[in-house]
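In case you want the letters, here they are:
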Amino acid sequence: MKKYLNFNIKAIALLMTVLAVSSCETDFDNPNAATDAQVFSSREGILAATIGMQQLYSTTGLRWIVETPAVTTREAGITTTFQNMIDLEDGGDIPNSTSNIVGLWSTMLRVMSISEDIAKNAPDLNINDGTKSGLIAYANLYKAMAIGSMAQNYEQVIVEISQDGDAAFVTRTEAYNTAVALLNEAQNLISANPISDEFSSEILRGNIDLENTLQAMSARYNLFAGNYDAAITAAGSVDQSSGSVFTYDSQNLNPVWSRVFQNGLPNFKPRDNFGLPASFSIDPADGRIDFYLVPLDELNINQLPIEDLAGFFDEESGTESIPVYLPDEMNLIIAEANLRKTSADITAAVTAINDVRTDNDDVFGVNANITAYSGDTSVDALLDEVYLNRRLELFLTGTSLEDSRRFERPEPSTSAKVFTDERNRNFYPYPNTERDNNSNTPADPSI
């Protein structure tokens, strides 16, 4: 994997009307292109790069992050004959060239590359200390989210970009811990040098609560890494009355909306019952049903029942904001971590579960608003309840494949097209773009 800068001149100019950056993945030189040194050696250039990083992640990146595991874990059913979508729904031996496999991997690497350049160059700029700390913290956040998104989907991942095409692969646990370390460093930076008004107005723009987002992502990745006490502490530190969102406009559309509604040609639609098997009973009064799903009474091309999509993805203009994380994810992290600790804390877990079930004032309107839990309080039964609520609460947020494995849901069949499987892969194969350029690429997982 070789290092490259992924900014298009016109896109950045539209965003910032300042310095534009260009690159292309070919072997010829573009005499009009700004070099990395030119881009990252000025205030205007590094701010433009930071906005470009955010835009890349929230548009192209989020498409792959949400869509790919959604089809694999039956959150969504395909409604198109495009081969990449057929590959995902069939499962089994997915080609290494499938665009979702390549797109998810390569986009996250581009985000990492940009974030590393921002973090490396910001300290040398003649700018406000609070702007520097904000830039580095923000770069760390996006690098952590890129690493975390890769680790949720691939068996081993890259955590440092190599200019020589020989990046090392690490285990998923190491990747999650690397993400946590980046987030901790970011928190320390903005604690020592609070972010400036300049950074807030130029980059955050009232859409991102940086401190809470860092804590929320720390909680998520600590949970995935098995650091349960740290996950509980981080989740408990998040102000659930606050929210962070990715915003969209007519030039940069909501990427999930684009795949479901644009031009009346959907690529996928949600599966009935959130894609859960019949063994999971969803309270018909649960407000999350109507929040996310619209009854459709149709079958997709593989005769799987599907519904229409609502939630954060159905605004007619395609410009509806998507939360960076959902507040009740923190309660579900607290519940799960307390159950998985060596000495499970049942009381704390049930309390956190009930905070989700009885919620009626979520900042984003994702309210179950049902009665408190009254079932079996064994660890296994409560973990099932957490899994059910994660599936409903965190619908189409990209966490479903990680969740399916972590909660030890049934293994996928070894052959393709078993549509009754809860998931049809454990991990994705490594894209051919990586294997062809990096001799360190591991063998593909069998399923």
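Position numbers for residues count from 1 along each chain, tracking the sequence in the order it is written. Selection of residues for local features in this predicted model requires a pLDDT of at least 70, selection of side-chain atom pairs for listing and counting requires 80 or more, and totals for whole chains, interfaces and linings are taken over all residues. Note that water and hydrogens are dropped before the side-chain values are worked out from all heavy atoms of the structure.

## Things to note about the overall build of the protein chain
Right, on to step 1. Strands are runs of DSSP state E lasting at least two residues, helices are runs of H or I lasting at least four, and both sets are numbered from the N terminus onward. Across its full length, the protein chain holds 17 helices and 8 strands.
Right, on to step 2. Here the C-alpha radius of gyration of the protein chain, 21 Å, is about what a compact globule of 447 residues would show, namely 22 Å.
Right, on to step 3. Along the first, second and third principal axes, the C-alpha atoms of the protein chain reach 60 × 45 × 45 Å.
Right, on to step 4. Only protein chains enter the accessibility calculation, which uses a 1.4 Å probe. A residue is then buried if its area is under 20% of the maximum for its type, exposed if over 50%, and partly exposed in between. Within the protein chain, the fraction of its 447 residues that count as buried is 60%.
Right, on to step 5. Contacts are assigned to residue pairs with any non-hydrogen atoms lying within 4.5 Å of each other. Long-range contacts, defined here as pairs at least 24 residues apart, represent 71% of the contacts in the protein chain between residues at least 6 apart.
Right, on to step 6. Of the accessible surface of the protein chain, which amounts to about 17,400 Å², a share of 46% is contributed by carbon and sulfur atoms. We compute the radius of gyration over the C-alpha atoms and compare it with the globule rule, which gives 2.2 Å times the number of residues raised to the power 0.38. To measure how exposed things are, a 1.4 Å probe is used in the Shrake-Rupley method; for residues, cover is taken only from the protein chains shown.

## Examining the pattern of salt bridges
Right, on to step 1. Take a side-chain nitrogen of Lys or Arg and a carboxyl oxygen of Asp or Glu: if they are within 4 Å of each other, that pair is a salt bridge. This structure, assessed with the given rule, holds 24 salt bridges.
Right, on to step 2. A salt bridge links Arg340 to Glu336; the nearest nitrogen and oxygen atoms lie 2.8 Å apart. With a gap of 4 residues between them, Arg340 and Glu336 both fall in helix α13 (residues 327-340), about one helical turn apart.
Right, on to step 3. For Arg340, a relative accessible area of 23% corresponds to the partly exposed category.
Right, on to step 4. According to the relative accessible area criterion, Glu336 is buried, its value standing at 0%.
Right, on to step 5. Between Arg357 and Glu385 there is a salt bridge, with its nearest N and O atoms 2.8 Å apart. In this pair, Arg357 is assigned in helix α14 (residues 346-357) and Glu385 in helix α15 (residues 379-393), connecting sequence segments 28 residues apart.

## Concerning unusual backbone geometry
Right, on to step 1. In this model, Asn263 sits at a positive phi of 60°, which is unusual for a non-glycine residue.
Right, on to step 2. Of note, Asn263 is situated in the loop between α11 (255-260) and β5 (268-270).
Right, on to step 3. Backbone geometry places Asn369, a non-glycine residue, at a positive phi of 55°.
Right, on to step 4. Structurally, Asn369 is set in the loop between α14 and α15.
Right, on to step 5. Of the residues examined, Asn369 reaches a relative accessible area of 47% and is grouped as partly exposed.

## With respect to the side chain of Glu75
Right, on to step 1. Checked against the element boundaries, Glu75 lands in the loop between α3 (43-72) and β1 (76-78).
Right, on to step 2. Buried within the structure, Glu75 lacks any salt-bridge partner; its nearest side chain of opposite charge belongs to Arg391, at an N-O separation of 4.6 Å.
Right, on to step 3. Once you skip the residues sitting within four places of it in the chain, Glu75 turns out to touch Ala70, Lys269, Pro270, Arg271, Phe274, Arg391, Leu394, Phe395, Leu396 and Ser400. For the charge count, each Lys or Arg is scored as positive and each Asp or Glu as negative, with His and the chain ends excluded.

## As for empty space enclosed by the protein
Right, on to step 1. With a 1 Å grid laid over protein atoms only, a set of points is called a cavity when a 1.4 Å probe fits there but cannot get out and a pocket when it is open yet has protein on both sides within 12 Å along at least five of seven lines; lining residues have an atom within 4 Å of a point. Grid points are joined across faces, edges and corners, and a volume is the space filled by probe spheres set on the points. In this structure the tally under the stated criterion is 2 cavities of 30 Å³ or more.
Right, on to step 2. In this model, the largest cavity occupies a volume close to 250 Å³.
Right, on to step 3. Around the largest cavity sit 24 residues that line it, and Leu62, Arg220, Pro323, Val324 and Thr397 are the ones nearest its centre.
Right, on to step 4. Per-element tally for the lining of the largest cavity: the top contributor is α3, with 4 residues.
Right, on to step 5. Considered class by class, the residues forming the lining of the largest cavity number 18 nonpolar, 5 polar and 1 charged.
Right, on to step 6. Of the voids in this model, the second largest cavity is the one considered here, and its volume is about 50 Å³.
Right, on to step 7. Along its surface, the second largest cavity is lined by Glu75, Tyr387, Arg390, Arg391, Leu394, Thr399, Ser400 and Asp403.
Right, on to step 8. Of all the secondary structure elements, the ones that give two or more residues to the lining of the second largest cavity are α15 and α16 (400-406).
Right, on to step 9. Grouping the amino acids of the lining of the second largest cavity by side-chain chemistry returns 2 nonpolar, 2 polar and 4 charged. The residue classification treats Ala, Val, Leu, Ile, Met, Phe, Trp, Tyr, Cys and Pro as nonpolar and Asp, Glu, Lys and Arg as charged. All others, Gly included, are polar.

## A few points about the confidence of the model for the protein chain
Right, on to step 1. Every residue is assigned a pLDDT by the predictor, reflecting its confidence on a scale from 0 to 100. Scored by pLDDT, the protein chain comes out at a mean of 92, with 92% of its residues at no less than 70.
Right, on to step 2. Below pLDDT 50 for its whole length, residues 2-33 participates in 66 contacts with residues either more than four positions away or in separate chains.

## Structural notes on the environment of Asn140
Right, on to step 1. Along the chain, the position of Asn140 falls in helix α6 (residues 129-151).
Right, on to step 2. Residues Asn140 and Leu223, spaced 83 residues apart in sequence, show a C-alpha to C-alpha distance of 19 Å.
Right, on to step 3. In this structure, Asn140 is in contact with Ala119, Leu182, Glu185 and Ala186, ignoring residues within four places of it in sequence.

## A closer look at the nonpolar core
Right, on to step 1. For this analysis, a nonpolar core means a set of buried residues of the types Ala, Val, Leu, Ile, Met, Phe, Trp, Tyr and Cys, connected via side-chain atoms within 4.5 Å. Ranked by size, the top nonpolar core spans 129 residues in total, and within it Tyr138 and Leu210 carry the most contacts.
Right, on to step 2. Aside from chain neighbours lying at most four places away, what touches Leu210 is Ala137, Tyr138, Leu141, Ile190, Ile195, Phe199 and Leu204.

## Concerning the packing of aromatic side chains
Right, on to step 1. Two rings belonging to Phe, Tyr or Trp (six-membered ring only in the last case) form a pair when the distance between their centres is within 6.5 Å. Interplanar angles under 30 degrees mark stacking, angles over 60 mark edge-to-face geometry, and anything in between is tilted. Tallying each qualifying case throughout the model produces 23 aromatic pairs.
Right, on to step 2. Aromatic side chains Phe274 and Tyr292 sit 6.4 Å apart centroid to centroid with 90° between the ring planes, which places their arrangement in the edge-to-face category. Separated by 18 residues along the polypeptide, Phe274 in the loop between β5 and α12 (287-292) and Tyr292 in helix α12 bring together distant segments of the chain. Like Tyr292, Phe274 is buried.
Right, on to step 3. Put simply, the rings of Phe274, Phe291, Tyr292, Phe312, Phe313, Phe364 and Phe395 pair up and form one aromatic cluster.

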